[in-house]
Amino acid sequence: MARSMAYLALDKISSEEISAVGVPADEAEQLHVALGEIIKKHGASGPATWREISSRMLTPEQPFALHQMMYYGCYRTYASSTPPAWIPNLDDAVLTNIGRLLEKRGKEILGSGYKDPISSFSEFQKFSVSDPEGYWSMIFEEMEIKFSTKSSCILCEDASYPGGKWLCGAFLNSASNCLNVKKGGSFDDAALVWRDEGYDDMPLNFMTLKELKAQVCHVANALDTLGLEKESAIAIDMPMNPIAVIIYLAIVLAGYVVVSIADSFAPAEISTRLSISKAKAIFTQDYILRGEKELPLYSRVVDAKSPLAIVVPARATKPVKGLRHGDLSWDDFLGQADTAKKDEYIAVEQPAEAFTNVLFSSGTTGEPKAIPWTHATPLKAAADAWSHMDIRKGDVVCWPTNLGWMMGPWLVYASLLNGASIALFNGSPLGHGFAKFIQDAKVTMLGLVPSIVRAWKNTNCTAGLDWSNIRCFSSSGEASSIDDYLWLMGRAKHKPVIEYCGGTEIGGGFVTGSMLQPQALAAFSTPAMGCHLYILGSDSKPLAEDAAGIGELALDPTFFGASTTLLNANHYDVYFKDMPIWNGKQLRRHGDEFERNKERYYRAHGRADDTMNLGGIKVSSVELERIFNAVNGDVVETAAIGVPPSGGGPEQLVVAVVLKDQNQETETLEKLKLEFNSALQKKLNPLFKVSSVIGVPALPRTASNKVMRRILRNEFSQPNKRAKF
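Being a predicted model, the structure only gives us computed values, none of them experimental.

1. Here's the deal with the side chain of Asn-402
Link 1 in the chain: Residue placement: Asn-402 occurs in the loop between β17 (396-398) and α16 (407-416).
Link 2 in the chain: Of the polar contacts made by the side chain of Asn-402, one reaches the side chain of Asp-263; its length is 3.4 Å.
Link 3 in the chain: With residues up to four places along the chain from it excluded, the contact list for Asn-402 reads Met-238, Pro-239, Met-240, Ile-261, Ala-262, Asp-263, Gly-408 and Pro-409.

Next up, the structure:
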């Protein structure tokens, strides 16, 4: 690790050095003694030493500079570029979902070679790929999934489905499964816990599984009064609050199809999604509350010329006013249900391949892809959570998101299908209020995107809070920063971050981490359960399984939960056309550039089209940005763009930079350019050169938080024009 060389080796650190990073002198002396004892027992470097330091010495109250000193000092001379920031121990491993399963059935599944859940995890992952029938039937049993009609086979050969057809002949209702009591559970268990922004010191709000089921049934009964045909599309465009979750489950329970629309969209984007999905109705909210501000939402839906709208009031005490002719208030809609049976509903059981949800990709140009989820997709989402984030009965799961993006439905299914509670905060996740909610709700699994962590670190808004209930974090959406995530782990006594990368069309992840493997910062430790992934070399053939390398990532098409159709595009053309045949199967395109190193960790390098050619060498934007982001403490974030010169010729490297001080002078940017070039040439390639550095107030992003480098590239390609965002 190049960064580690800037720090002293652990056995060279004195109590004075510890004190110099902000630790009181008497505490620094005690820490120095504890460090000496650890070094004496485990040595001055390596994973065992770091595990002892992170669990015995470091606390959230200490300066982050101390955490950095210990982490980078511990791995100063470590040979790997992916040193583990968290190491599992066997006592905890046997308590995980997979650990319990393997302790009970490990020898039956893996034979006499089974040793323990940690040692045998990789073999179990391979089993999940080689024996999909055995693996998925076992997982459905563990998760207590109920089918009204069981499948004739888990995986059937079918020429119209690349990789085969899943759950042939099975009937189920995924929402109904969310409302069932798990073994050892009760209808009195909390299903939802929430708090509204600005009420930080008020008691939490809870909804039991019994109450959730009653309200879902009430909405399902009211839906049937609208006169819509079963399987009709019904949109949701509102913040992810308890009512939104109830509506979502009710639509699926009653045999309709949810259309997911993010509450940030403008009328034109709402209209596009309503048109593609042929939605017959839409649930929305009159306003979005942000503190005391009321941001109009219903008016945007009206401007989108939506069909029938059912409008939920943002404030329960303030009735909705000014409805369009034919639209319904939430109370009037609920009042249409037969009061005698409103709290009961017989779920509409459907084939596993029936649509339950239409979600949209966040493409930067052109029409968004409309991706249907089926009743099988939620099982994939929940199985990922069960196996990788180790979500268990009684857990509390929080992931700030929206039903307009896949992590919204993912959160619903990952929690409820595993007997856990969903924790919802109605407000911004960037401040102290959300951080305190995590403490008060006793969240056990906290999912995030890196930009949220970056904001917390910059403001230190988690100071003084107790996050000791967190068992793990998870992260998705964009590339992580090593320092930001080292800081995050330190807020919960160095619990692991399970990186998670997948897609809407997959219903979950294809590469991730595990509580049964050492976890490195900003890296993935394993393909997802049931997934076989390949890294394509320059000849478009997969690299050998044990070979390190970088290239476009491709997926084995036999992948449970993955999409098989698109509403507005040819599925085969998008995901399979021109992909190589391997082992008799055509591989599935994903479009990400990935690296696998010699220790078999994976790193994402952005979209395959987020790469550039510098001096004949192909390099990803993410790889460059990791270097630039660490150069200077005044840098908030960067975007590396390959821009062709106006007269033609090789691409030039242009860096968009967001600074803490937005009033940057030209001299500041010129100084950064020198620093970027120095770091780039030292850490990556001496032939690479930054052509120019351009200051921007913020990086352009999609609503799901992906950096839109293509917009920057187009802007920077115009001569003498500066980007403005």
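2. As for the sheet that holds β17
Link 1 in the chain: Judged by pairing direction, the sheet is mixed, and its nine strands sit side by side in the order β6-β5-β18-β17-β19-β20-β21-β22-β24 without closing on themselves. With partners counted over all chains shown, the strands left at the sheet margins are β6 (205-208) and β24 (526-527), one partner each.
Link 2 in the chain: Summarising the sheet, strand β5 (residues 190-196) and strand β18 (residues 421-426) pair through five bridges and their orientation is parallel. In the sheet register, Val-193 faces β18, and the bridge partner there is Ala-423.
Link 3 in the chain: With respect to the sheet, helix α18 (residues 450-459) is in contact with β19 (445-448) and β20 (472-475), its orientation differing from that of β19 by roughly 100 degrees.

3. Quick notes on the pattern of salt bridges
Link 1 in the chain: This model, assessed by the stated rule, comprises 26 salt bridges.
Link 2 in the chain: Among the salt bridges present, the one from Glu-144 reaches Lys-393, with a minimum N-O distance of 3.9 Å. Pair noted here: Glu-144 is in the loop between α8 (132-142) and β2 (153-156) and Lys-393 is in the loop between α15 (377-387) and β17, with a separation of 249 residues, a long-range link.
Link 3 in the chain: Lys-393 gets classed as partly exposed once you look at its relative accessible area, which sits at 45%.
Link 4 in the chain: Here Lys-318 makes a salt bridge to Glu-294, at a shortest N to O gap of 3.2 Å.

4. So, empty space enclosed by the protein
Link 1 in the chain: Here the structure, examined in full by the defined rule, presents two cavities of 30 Å³ or more.
Link 2 in the chain: Of the volumes computed, that of the largest cavity is approximately 40 Å³.
Link 3 in the chain: Taken together, Ala-85, Trp-86, Tyr-485, Met-489, Pro-496, Val-497, Glu-499, Gln-519, Ala-520, Leu-521 and Ala-522 make up the lining of the largest cavity.
Link 4 in the chain: Where the lining of the largest cavity is concerned, the elements lending two or more residues are β1 (84-86), α19 (482-491), β21 (497-503) and β23 (519-520).
Link 5 in the chain: Across the lining of the largest cavity, the residue classes tally to nine nonpolar, one polar and one charged.

5. Concerning the environment of Ala-370
Link 1 in the chain: Relative to the elements of secondary structure, Ala-370 occurs in strand β16 (residues 370-374).
Link 2 in the chain: Once the C-alpha coordinates of Ala-370 and Tyr-572 are considered, the two residues, 202 residues apart in sequence, prove to be 14 Å apart.
Link 3 in the chain: Residues contacting Ala-370, with those up to four places away along its chain left out, are Ile-276, Val-358, Leu-359, Phe-360, Leu-566, Leu-567 and Asn-568.

6. Focus on α18
Link 1 in the chain: Turning to α18, its buried residues number three or more, namely Pro-450, Ser-451, Ile-452, Val-453, Arg-454 and Trp-456.
Link 2 in the chain: Packing partners of the buried residues in α18 comprise α17 (432-440), β19, β20, α19 and β33 (635-643).
Link 3 in the chain: In the segment just after α18, Asn-460 is the residue with positive phi, at about 55 degrees.

7. What to know about the packing of helix α4 (residues 64-74) against α19
Link 1 in the chain: Direction vectors running N to C along α4 and α19 enclose 110 degrees, while the axes themselves pass 10 Å from each other. Between α4 and α19, the angle falls in the class roughly perpendicular. Our pair here, α4 against α19, has a crossing hand that is right-handed. Here Phe-64, His-67, Gln-68, Tyr-71 and Tyr-72 of α4 come into contact with α19, specifically with Ile-482, Asp-483, Leu-486, Trp-487, Gly-490 and Arg-491.
Link 2 in the chain: Partitioning the contact of α4 with α19 into residue classes produces six nonpolar, three polar and two charged.

So, how was this worked out
Residues numbered from 1 in each chain as written. Predicted model: local features only at pLDDT ≥ 70, side-chain atom pairs only at ≥ 80, totals over all residues. Heavy atoms only, no water. Helix = DSSP H or I, 4+ residues; strand = E, 2+ residues; numbered from the N terminus. Polar contact = N/O pair within 3.5 Å; in protein donor to acceptor, adjacent residues only side chain to side chain. Contact = heavy atoms within 4.5 Å. Pairing = 2+ DSSP bridges. Axes fitted to C-alpha atoms, helices over the stretch in contact; angles between N-to-C directions. Salt bridge = Lys/Arg side-chain N within 4 Å of Asp/Glu carboxyl O. Buried < 20%, exposed > 50% of the residue type's maximum accessible area, 1.4 Å probe, protein only. 1 Å grid on protein atoms, 1.4 Å probe; cavity = no way out; pocket = protein on both sides within 12 Å on 5 of 7 lines; lining within 4 Å. Points joined across faces, edges and corners; volume = space filled by probe spheres on them. Nonpolar A, V, L, I, M, F, W, Y, C, P; charged D, E, K, R; others polar. Parallel < 35°, antiparallel > 145°, perpendicular 65-115°, else oblique. Left-handed = near helix turned anticlockwise from the far one by under 90°.

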